[in-house]
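Structural description and commentary
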Amino acid sequence: MKRSISNDDNRRQKANPAQLQATLNVIPAYTWYAAPSGGLTFVNKRTADYVGLPEDHPLRFGIDIGAQWDAHIALLHPDDHEESRKVWSTCLRTGEAGEVSFRVRDAQGGYRWFLSRAEPLRASDGTLLQWVGVNLDIEELKRAEQALRENERRYREAQLELAHANRVAAMGQLTASIAHEVNQPITAAVTYALAARRFLSAEPPNFREVDDALSLIVKEGNRAGEVIERIRALIKKVPARKDAVAIDDAMLEVIALTRTELVNNSVSVQTQFAEGLPRVQGDRVQLQQVMLNLIVNAIQAMSGIGEGARELQISIDAVPSEGGVRVGVRDTGPGLSPESLSRPFEPFYTTKPEGMGMGLSICRSIIEAHGGRLWAIPCEPQGALFQFTIPAT
Ligand code: ADP
């Protein structure tokens, strides 16, 4: 934006520079003038006092000291020199207004952030008369910005911690299932080892059978290792990943982990997975955490009911209208009243003596971070259905 003033204005301004400077000295802003070539020619009192110019310094009186335009860059924080030079030399080259943020050293050697704007003041024939600048003190703004960023980082960290604690707690509730999952291959391996010894001590020893038994032992050992690896992955604290996740496979793994829990609580499971589901984009372990939470919640909800059937229905289908898949976990527990459908998703809302009340709120933030939705629906004649959608890759 180019400012121009008529010759009249020009004359008037020239006629009373003292009055103009007096005005500039009282306005609550940091102002300055620079010659067309860029060297400072005047700084108002506020600016001069801030940087600690002596009371009789010519710049306080608008006397051109003929300094190089970048002589005053020494007043800026060294980290801001380069950017300030770049912006100011562009202004000088193009004759266009410009702005830059920098830290200015005060009389005591401390620094504050300023937003500096320079405008070219032109005569009516377009000649550049001088540069007029205003520096706005944005220190508080910068601090607020910094505090906000710091806060956001702490929030994110707290969320990660909570999600982790919740995951460890959920896994804790599954110790019986986990022990069973790990025990199975170990028991099988021991059985094959005993068989191998029998084949070895036979007359003559049957090496072929021994070899088969050893292969089976290796296979079972690997299976135990895989189970442990899966559990470790679920508990580990790692940054979110963006994988192409086969949601049905991920769900089958979670169901396998909860199998003993289901059996111990006499819960029957039915799965209904559509064919040819698209892969979804996201973090496999986080999505498994959501599934695990929903299944553990369903088991716990049903553990309280007396005689009725305890049925868990897990469905996954494609929803082309939402461009992704929908996962449903339905139980035959006490369900949720229509008025309180959103309460379970509130942080720290729990009706369990040992509950943390964070599970569903974390699940919702995970699903939303994946661009999906998670909600609950009461079922007839009883029970609750928790559903979530996730966009496909
Ligand atoms: P927590 O399991 O620690 O209580 P959640 O956030 O997972 O935390 O669940 C919050 C509350 O939501 C539970 O205490 C329970 O009252 C309710 N809730 C969750 N799942 C179900 C369900 N399947 N059926 C009925 N109520 C449920």
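Notes on the structure in this doc start here.

Criteria and thresholds
- Residues numbered from 1 in each chain as written.
- Predicted model: local features only at pLDDT ≥ 70, side-chain atom pairs only at ≥ 80, totals over all residues.
- Heavy atoms only, no water.
- Helix = DSSP H or I, 4+ residues; strand = E, 2+ residues; numbered from the N terminus.
- Rg over C-alpha atoms; globule rule 2.2 N^0.38 Å.
- Buried < 20%, exposed > 50% of the residue type's maximum accessible area, 1.4 Å probe, protein only.
- Areas by Shrake-Rupley, 256 points an atom, 1.4 Å probe, with all protein chains shown as cover.
- Lys, Arg positive; Asp, Glu negative; His and termini not counted.
- Charge placed at Lys NZ, Arg CZ, Asp CG, Glu CD.
- Near = heavy atom within 4 Å.
- Polar contact = N/O pair within 3.5 Å; in protein donor to acceptor, adjacent residues only side chain to side chain.
- Nonpolar A, V, L, I, M, F, W, Y, C, P; charged D, E, K, R; others polar.
- Axes fitted to C-alpha atoms, helices over the stretch in contact; angles between N-to-C directions.
- Left-handed = near helix turned anticlockwise from the far one by under 90°.
- Contact = heavy atoms within 4.5 Å.

Counting secondary structure elements, the protein contains 10 helices and 13 strands. Taking 2.2 N^0.38 as the reference for a compact globule, 393 residues should give roughly 21 Å; the C-alpha atoms of the protein span a radius of gyration of 36 Å, well beyond that estimate. Along the first, second and third principal axes, the C-alpha set of the protein runs to 120 × 60 × 40 Å. When each of the 393 residues of the protein is scored for burial, the buried share is 39%. About 21900 Å² of surface is accessible on the protein, with carbon and sulfur atoms providing 54% of the total. Mean positive and mean negative side-chain charge positions of the protein (44 and 49 charges, respectively) differ by 3 Å.

Once that is clear, we can look at the site of the ligand. If you check the shell around the ligand, you find 18 residues, and the closest are Asp331, Thr350, Thr351, Lys352 and Leu360. In the model, an oxygen atom of the ligand is placed 2.5 Å from a nitrogen or oxygen of the Thr351 side chain. Here the ligand, which alone exposes 540 Å², has 92% of that area covered by the protein. Breaking the shell around the ligand down by element, the ones donating at least two residues are helix H9 (284-303), helix H10 (359-369) and strand E13 (384-391). Split by residue class, the shell around the ligand holds nine nonpolar, seven polar and two charged.

Moving on, we come to the packing of helix H8 (residues 247-264) against H9. For the pair H8 and H9, interaxial distance at closest approach is 9 Å and the crossing angle is 40 degrees. Of the two elements, H8 crosses H9, and the hand of that crossing is right-handed. Within the contact between the two elements, H8 uses Ile247, Asp249, Ala250, Met251, Glu253, Val254, Ile255, Thr258, Glu261 and Leu262 and H9 uses Arg284, Leu287, Gln288, Met291, Leu292, Ile295 and Ile299. The residue makeup of the contact of H8 with H9, split by class, is 11 nonpolar, two polar and four charged.

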